[in-house]
Amino acid sequence: MSATETGKKGIQTDAGIEIERIYRQPVPGMEDAGQFPFTRGVQADMYRGKLWTMRQYAGFSTAEESNERYHFLLKQGTTGLSVAFDLPTQIGYDSDHALAEGEVGKAGVAIDSLADMEILFNGIGLEKITTSMTINATASVLLGMYVALARKQGADLRNVSGTIQNDILKEYAARGTYIYPPKPSMRIITDIFAWCSRELPKWNTISVSGYHIREAGADAVQELAFTLADGKAYLQAAIEQGLDINVFARRISFFFNAHNNLFEEVAKFRAARRMWATITRDLGATDPRAQMLRFHTQTGGSTLTAQQPHTNIIRVTVQALAAVMGGTQSLHTNGFDEALALPTEDAARIALRTQQIIAHESGVPQTVDPLGGSHYVEWLTDEVERRAWEYIHRIDGMGGAVAAIEQGFMQKEIADSAYRYQKEIENAEKIIVGVNRFTVTEKPFADILTVNDSIRKVQTERLRALKAGRDQAQVDRSLGALAAAARDGSNLMPFILAAVEGYATLGEISDTMRDIFGEYTGNG
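Residues numbered from 1 in each chain as written. Predicted model: local features only at pLDDT ≥ 70, side-chain atom pairs only at ≥ 80, totals over all residues. Heavy atoms only, no water.

(A) Region of the structure containing the packing of aromatic side chains. For the structure on display, the rule yields 21 aromatic pairs. Their ring planes at 55° and their centres at 6.2 Å tell us that Phe-256 and Phe-269 sit as a pair that is tilted. Within this pair, whereas Phe-256 is found in strand β7 (residues 252-258), its partner Phe-269 is found in helix α10 (residues 262-282), the two being separated by 13 residues in sequence. For the pair formed by Phe-256 and Phe-269, the shared burial category is buried. Seen in terms of ring centroids, Phe-263 and Tyr-376 are 5.6 Å apart; in terms of plane orientation they differ by 70°. Their pairing is edge-to-face. A residue pair is termed long-range when its members are at least 10 positions apart, and Phe-263 in helix α10 and Tyr-376 in helix α14 (residues 375-398) qualify at 113 residues. The exposure class assigned to Phe-263 is partly exposed, which follows from its relative accessible area of 36%. Among the aromatic residues, those joined into a cluster by ring pairs are Phe-254, Phe-256, Phe-269, Trp-276 and Phe-295. Lying across the ring of Phe-438, Arg-437 places its NZ or CZ 5.8 Å from the centre. (Phe/Tyr/Trp six-rings, centres within 6.5 Å; stacked < 30°, edge-to-face > 60°. Helix = DSSP H or I, 4+ residues; strand = E, 2+ residues; numbered from the N terminus. Buried < 20%, exposed > 50% of the residue type's maximum accessible area, 1.4 Å probe, protein only. Lys NZ or Arg CZ within 6 Å of the ring centre and 35° of its normal.)

What follows is the structure, encoded as structure tokens:
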């Protein structure tokens with residue numbers, strides 16, 4: 001019987017032991033799940049009431065090919081889509097731009113205009129599925145395209161739900177796909193907060209990402225501390241713009257990594273909820289929904305090995321267990337072949353089946369916070385929290401996350417951590433199975449997904465046809481209005497949406513704002 005199935009006998013173990021809603025007295029000092037500070041979870045019944053959303057991060061090549069993968073994943077039981085965009089899309093270049101050469105469709109799907117978005121979600125009702133989009137510098141444009149498509153489908157925007165990552169601070173600190181300097185970037189983000197509060201009330205307007213901080217080499221404590229420091233900066237920026245924290249903070253979510261140390265990861269997730277509840281309360285949030293830390297988890301890409309790649313299935317399973325036992329709201333499990341290439345359909349299916357087996361066969365979802373009360377896990381939760389607060393207090397002393405990034409503090413801490421970790425592997429102080437211990441002689445793994453370089457030509461021809469068939473005067477007017485709004489401080493989202501609906505391209509919209517805001521070079 002699965003965690004969500006109930007009957008006269010209630011929820012039982014495989015041996016027929018009925019699981020009571022509270023199976024023993026709470027540990028002293030431990031609040032129930034669903035109560036401030038939400039250490040044990042944000043819902044009182046957690047997965048007993050509803051399982052986490054099972055997402056599979058996917059996007060490559062053209063919108064047509066990615067659409068085929070989405071339909072495949074939905075047929076396999078995925079309950080939410082997660083879109084990967086290629087690098088040109090992420091940094092605001094159309095596929096025909098000189099700097100896009102060699103990158104079109106490689107790290108994700110190429111989206112140049114609303115026309116591509118229409119193909120990407122062909123046959124998929126946007127009111128019926130939640131979509132997460134990993135996009136930051138151009139998040140406002142991709143959100144505009146998604147909303148424009150929802151309108152074309154006749155969807156009620158009040159029922160459209162999903163998430164844009166929209167977390168530019170971690171791009172400066174760890175990843176690098178930024179366009180504009182920090183100040184205008186923060187303005188765009190708060191414009192999205194305000195606009196979505198009115199027009200798209202179920203949309204998560206930002207997913208503050210620790211994932212990429214961890215992928216860059218941070219340890220678990222740094223991932224937690226730097227992510228929450230960034231989240232605090234977004235709260236403060238929105239409050240300074242006059243937004244109500246009890247409204248916009250409900251639509252902030254988080255995106256964490258899950259690595260192999262199961263107990264440390266569970267402790268990190270538990271500490272994160274407790275710390276965010278304190279941060280939001282201290283900044284004035286009184287609504288419990290504005291104090292809750294809700295998060296998506298992706299298993300650790302940097303933990304995957306190119307050697308003996310099938311061992312990654314076990315790594316992903318351990319990491320997925322950590323996410324579930326830590327109380328995640330949605331989960332992506334990596335394909336075992338992703339150290340080599342984008343996942344094949346077989347690898348994506350196995351990754352999804354890993355979640356489904358945990359959900360329906362492991363028994364883990366049948367109780368709230370299954371590791372809560374463990375002496376080790378409770379101590380580790382406290383210790384992770386203590387060390388993370390130390391970092392946050394240091395960052396606050398520098399003037400907050402933006403100042404800490406501008407001073408290079410986070411970048412140096414991450415780089416130092418990555419160096420230490422690599423030295424431990426090279427000195428065999430840390431064992432990586434198949435890499436520095438238990439190695440075998442093996443043939444190169446050949447069953448990998450490849451993306452053809454001709455994708456750029458396809459996208460370039462599509463752009464040429466788009467521009468020939470659209471109303472250029474309307475495009476020019478909409479881009480001129482966007483430029484004026486960028487100068488005078490108006491909320492940018494209505495103007496971006498109008499440009500998108502007139503089939504202005506992602507590059508044209510991004511360039512319009514580049515002309516006003518300038519580009520960030522990393523030198524201040």
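(B) Representation of α14 within the structure. Relative to the 34 Å expected for 24 residues at 1.5 Å per residue, α14 spans 35 Å between its end C-alpha atoms, a close match to the ideal helical length. Every buried residue belonging to α14 is among Val-377, Glu-378, Leu-380, Thr-381, Glu-383, Val-384, Glu-385, Ala-388, Trp-389, Tyr-391, Ile-392 and Ile-395, and all of these are buried. Just downstream of α14, Gly-399 is the residue with a positive phi angle, here 110°. (Expected span 1.5 Å × (residues − 1).)

(C) Quick look at the environment of Tyr-391. Along the chain, Tyr-391 falls in helix α14. In the structure, Tyr-391 is positioned 102 residues away from Met-493 in sequence and 34 Å away in space, judged by C-alpha atoms. The contact partners of Tyr-391, leaving out residues within four places of it in the chain, are Val-221, Gln-222, Ala-225, Phe-226, Phe-409 and Glu-413. Polar side-chain contacts of Tyr-391 include one of 2.7 Å to the side chain of Glu-413. (Contact = heavy atoms within 4.5 Å. Polar contact = N/O pair within 3.5 Å; in protein donor to acceptor, adjacent residues only side chain to side chain.)

(D) Representation of the side chain of Gln-76 within the structure. Mapped onto the secondary structure, Gln-76 falls in helix α1 (residues 63-76). Within polar-contact distance, the side chain of Gln-76 engages the side chain of Arg-349 at 3.5 Å.

(E) Structural detail: the sheet that holds strand β5 (residues 203-204). Across the sheet, nine strands lie side by side as β5-β4-β3-β2-β1-β9-β8-β7-β6; this open sheet has parallel pairing. Every other strand in the sheet has two partners, leaving β5 and β6 (206-209) as the edge strands with one partner each. Alignment of β6 against β7, held across four bridges, turns out to be parallel. If you follow Ser-209 over to β7, its bridge partner there is Phe-255. Its contacts with the sheet put α1 on β1 (53-58) and β2 (80-84), and the angle it makes with β2 is roughly 150°. (Pairing = 2+ DSSP bridges. Axes fitted to C-alpha atoms, helices over the stretch in contact; angles between N-to-C directions.)

(F) The arrangement of the environment of Asn-166 in detail. Mapped onto the elements of the fold, Asn-166 is located in the loop between β4 (162-164) and α5 (169-175). The sequence separation of Asn-166 and Gln-472 amounts to 306 residues, and the corresponding C-alpha distance is 29 Å. In contact with Asn-166, other than residues within four places in its own chain, are Ile-135, Asn-136, Ala-139, Ile-189, Ile-192, Thr-205, Ile-206 and Tyr-234.

(G) Representation of the pairing of strand β3 (residues 130-134) in the model. Among the five residues of β3, four are classified as buried, and the element is accordingly described as predominantly covered. In this structure, β2 lies alongside β3, joined through five bridges in parallel fashion. Bridge assignment links Ala-84 to a residue of β3, and that residue is Thr-134. Pairing of β3 with β4 involves three bridges; the strand directions are parallel. From the neighbouring strand, Ser-132 faces β4, where its bridge partner is Thr-163. For the crossover that starts at β3, traverses helix α4 (residues 139-152) and ends in the parallel β4, the hand is right-handed. (Right-handed = clockwise from strand over helix to strand, strands pointing away.)

(H) Representation of the environment of Met-46 in the model. Tracing the backbone through its elements, the reader meets Met-46 in the segment before β1. Spatially, the C-alpha atom of Met-46 lies 49 Å from that of Ala-98, the residues being 52 residues apart in sequence.

(I) Structural detail: helix α8 (residues 220-240). Between the first and last C-alpha of α8 there are 30 Å, a value that for 21 residues agrees with the 30 Å anticipated at 1.5 Å per step. A large share of α8 lies buried, amounting to 18 of its 21 residues. Regarding α8, its N-cap is Asp-219, as a side-chain oxygen of that residue lies 3.1 Å from the backbone nitrogen of Val-221 further along. Of the residues flanking the end of α8, it is Gly-242, one or two places downstream, whose phi is positive at about 85°.

(J) The confidence of the model for the chain, seen in detail. For the chain, the mean per-residue pLDDT works out to 93, and 96% of the residues sit at or above 70. Here residues 1-8 scores under 50 on pLDDT; set against residues more than four positions off or in separate chains, the count is 19 contacts. (pLDDT = per-residue confidence, 0-100.)

(K) Expanded view of a nonpolar patch on the surface. A cluster of nonpolar side chains, contributed by Phe-263, Tyr-376 and Trp-379, occupies part of the molecular surface with about 340 Å² of accessible area. Under the relative-accessibility criterion, Tyr-376 is labelled partly exposed at 43%. (Patch = residues over 30% accessible without salt bridge, like charges linked within 9 Å, V, L, I, M, F, W, Y side chains within 5 Å. Areas by Shrake-Rupley, 256 points an atom, 1.4 Å probe, with all protein chains shown as cover. Salt bridge = Lys/Arg side-chain N within 4 Å of Asp/Glu carboxyl O.)

(L) Broad picture of the pairing of β1. With five of six residues buried, β1 lies mostly within the body of the structure. Relative to strand β9 (residues 330-332), β1 runs parallel, the two being bridged by three bridges. Bridging from a neighbouring strand, Thr-53 pairs with Ser-330 of β9. The pairing of β1 with β2 spans four bridges and is parallel. Paired with Arg-55 across the bridge in β2 is Gly-80.

(M) Quick look at the pattern of salt bridges. The full count for this structure, using the stated rule, is 29 salt bridges. A salt bridge links Arg-270 to Asp-369; its shortest N-O distance comes to 2.9 Å. Taken as a pair, Arg-270 in helix α10 and Asp-369 in the loop between α13 (345-360) and α14 lie far apart in primary sequence, 99 residues in all. Taken as a pair, Arg-270 and Asp-369 share a single burial class, namely buried. The residue Lys-412 makes a salt bridge to Asp-416 at a minimum N-O spacing of 2.8 Å. In this pair, Lys-412 and Asp-416 are both assigned in helix α16 (residues 409-426), four residues apart and thus about one turn of the helix distant.

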